[in-house]
Amino acid sequence: ADCLDFVLQDQCDIIDKHTQSGLDLVEKYVKFVKERTEIEQNYAKQLRNLTKKYSPKRGSKEELECRFSNHQAFLDILNEMNDYAGQRELIAENMMINICIELTKYLQELKQERKTHLSEAKKAQQSLEGTYKQLDNSKKRFEREWREAEKAAQYAEKTDQDLNATKADVEKAKQQAHMRTHIAEECKNDYALQLQKYNKEQNQFYFTDMPLIFSRLQDMDERRIKKLAQGYILFADTERQVMPIIGKCLEGISRAGTNVNEKNDSVVLIEQHKSGFERPGDVEFEDYSQGINRASSDSSLGTPKGPLELLGKNRNKTFRLFNKKSKSVDTEGFTHLPPEQRRKRLQQKIDDISKELQKEMDQSEALGKMKDVYEKNPQMGDPASLAPQITQTAQNMERLRGELNKYEWICTMGVPSSNPDSRTFYRSCPHLSPTSLPNFSCVLFSPGAISDDTDSSQAIYTEFDDDFEEEEVAAPIGQCTALYNFPGSSEGTISMQEGEVLSVVEEDKGDGWTRVRRNNGDEGYIPTSYATITLNK
């Protein structure tokens, strides 16, 4: 029995150590995943800081450069990296929720369950030990009382054979022996009862209680192993779930590099900065021996002078194609700009005024409806309270119409007729007609643009510097894919084929048309319903 108890105790110690080792492994894995999530969070944070650092500020020069495909590609890469950082954050979040928190909660449950099972085993063992002590005490008492009974019987027999003993002494010895024998019999019965009780409890302990406890501990450990294995798999699945989106981010980076078009960037740069001036003609030979009048040659803009003669009175100054001297700037008619830049700036001004006028017209319409509601339902408001706003809106509309008429007239009269945008003037402004244009005086160059002591040909070379205000090519605000073929035969429209991808530069304003641009720089309007349009975030 002692050997069996020793083996059982050894097995209990092994199970105790094994289950504790398993719980320690779960705890180690939870710590490992937590550190991994911290790494992912820090990595994502660094990526976001990096993209924020190199992203262009709103309205900065870098943002204006995004009209070039190589600049736009870099901006796309930053956007993709920002999305990539979001996926890394998602990995960290999912690992923390699905692995760390879940396993930590499960670990506490396992610890409590293990403690309960070990407590039950200890209680059963203590109960068996208590029963054994009772059995041992009963056995020792029986042994002691039986020896006393034997001594009493031997004494009674000896007294009975003694001739000198009286009858009373013999009777007393026999009674004592009988009493001792009776007590020994009772101890014997008690010992037998305790022995039966112990054997039954021992059988219960070894064949029922301990196997059941060991089975529960085994089941607990197997569930722990299975849960840990699921945590291992979940670790990989968490990464695998975001792989498609990460792959799309990487594809977007590759696509950004593929979309770079060096030829188109050159075209955009040329289109942005071209002046529209004619190139100077050949310098005529002046034969002084024949007395040719130089004044007739000097007065021609079509036959400019040579570089040395262009200097005129300023022969001592260095000849420069772009003069850095300050000059008067006509911000109203933009006459300080070259013709092409001036045309674009005037058109942009017209578009801005048109948008502002449309807002005022919408506000006027809304105020009119509100006034009608107030007149029909006086309890909702006083119609007279809207009078100042209606008056102010009407004044703003009148002012904007005047400005729009002026700039449309300047654009029509002061810009070369080859400008396609000027031909769409009345189509884009239906509230105007040729007869409604006011009589504004306009020239291509303002009177103060060229000084009296400098001829017109000199102005070509000296009046433009490299820091004049440049017309901005509108940056794309999204992309669209053609659903149907569109011939684009009307003026101001652009043709497209089914499946063709175009850049959106101006969204639909409610008239059913969207302005788009090809990679080669061609722009025009297409029906909004003919394409699927995706605007940038």
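Details of the structure are given in the entry above.
I will try to describe carefully the structure that is included in this document. (Residues numbered from 1 in each chain as written. Predicted model: local features only at pLDDT ≥ 70, side-chain atom pairs only at ≥ 80, totals over all residues. Heavy atoms only, no water.)

1. Looking at the overall build of the protein
At step 1: Looking only at helices and strands, the protein has twelve helices and five strands in total.
At step 2: A total of 537 residues make up the protein; the buried ones form 32% of that total.
At step 3: Of the contacts formed within the protein by residues at least 6 apart in sequence, a portion of 72% connects residues at least 24 apart.
At step 4: Just so you have it, the protein exposes about 34700 Å², and 52% of that area is on carbon and sulfur atoms. (Helix = DSSP H or I, 4+ residues; strand = E, 2+ residues; numbered from the N terminus. Buried < 20%, exposed > 50% of the residue type's maximum accessible area, 1.4 Å probe, protein only. Contact = heavy atoms within 4.5 Å. Areas by Shrake-Rupley, 256 points an atom, 1.4 Å probe, with all protein chains shown as cover.)

2. Description of the sheet that holds strand β4 (residues 523-527)
Two modes of strand pairing occur in sheets, parallel and antiparallel, and in both the strands are linked by backbone hydrogen bonds.
At step 1: Read from one edge to the other, the open sheet built from five strands follows the order β4-β3-β2-β1-β5, with strand pairing classed as antiparallel. A single partner strand is all that each edge strand has here, and the edge strands are β4 and β5 (531-535). Adjacent strand axes in the sheet meet at a mean angle of 40 degrees when their direction is disregarded.
At step 2: Both strand β3 (residues 513-517) and β4 contribute to a ladder of five bridges, which runs antiparallel. From the neighbouring strand, Val516 faces β4, where its bridge partner is Gly524. (Pairing = 2+ DSSP bridges. Axes fitted to C-alpha atoms, helices over the stretch in contact; angles between N-to-C directions.)

3. Some details on the pairing of strand β1 (residues 478-482)
At step 1: Burial of the side chains of β1 is restricted to one face: Gly478, Cys480 and Ala482 are buried, whereas none of Gln479 and Thr481 on the reverse face is.
At step 2: Note: β1 against β5, five bridges, orientation antiparallel. In the sheet register, Cys480 faces β5, and the bridge partner there is Ile533.

4. So, the packing of aromatic side chains
At step 1: Per the counting criterion, the structure on display carries eleven aromatic pairs.
At step 2: Centroid distance Phe205 to Tyr206: 5.0 Å. Interplanar angle 90 degrees. Geometry classified as edge-to-face. Of the two residues examined, Phe205 and Tyr206, each falls in the buried class.
At step 3: Taken together, the ring pairs in this structure connect Tyr29, Phe32, Tyr232 and Phe235 into an aromatic cluster.
At step 4: Over the ring of Tyr106 we find Lys227, and its NZ or CZ is 5.5 Å from the ring centre. (Phe/Tyr/Trp six-rings, centres within 6.5 Å; stacked < 30°, edge-to-face > 60°. Lys NZ or Arg CZ within 6 Å of the ring centre and 35° of its normal.)

5. Topic: the nonpolar core
Side chains of a nonpolar character, in soluble globular proteins, are inclined to be buried together.
At step 1: Ranked by internal contacts, the top residues of the largest apolar core, which has 39 residues, are Leu8, Tyr29, Val33, Ile99, Phe205 and Met210.
At step 2: In this structure Ile99 touches Tyr29, Val33, Asn94, Thr104, Gly231, Leu234 and Phe235, once residues within four positions along its chain are discounted.
At step 3: In terms of nonpolar packing, the next biggest core, distinct from the first, is built from 13 residues, Leu357, Met397, Leu400 and Ile410 among them. (Core = buried A, V, L, I, M, F, W, Y, C linked by side-chain atoms within 4.5 Å.)

6. Quick look at the pattern of salt bridges
It is possible for side chains bearing opposite charge to pair when their charged atoms get close.
At step 1: Summed over all chains, the structure comprises 22 salt bridges.
At step 2: A salt bridge links Asp16 to Arg114; the nearest nitrogen and oxygen atoms lie 2.1 Å apart. Linking Asp16 in helix α1 (residues 2-54) with Arg114 in helix α3 (residues 69-161), this pair joins segments that are 98 residues apart in sequence.
At step 3: You can call Asp16 partly exposed: its relative accessible area is 29%.
At step 4: In this structure, Asp221 and Arg224 form a salt bridge, with 2.7 Å as the shortest nitrogen-oxygen distance. On the criterion of helical spacing, the pair formed by Asp221 and Arg224 is a turn pair, its members being three residues apart in helix α4 (residues 167-258). Exposure class is identical for Asp221 and Arg224. Each is buried. (Salt bridge = Lys/Arg side-chain N within 4 Å of Asp/Glu carboxyl O.)

Without other data, these values stay purely geometric and don't point to any function.
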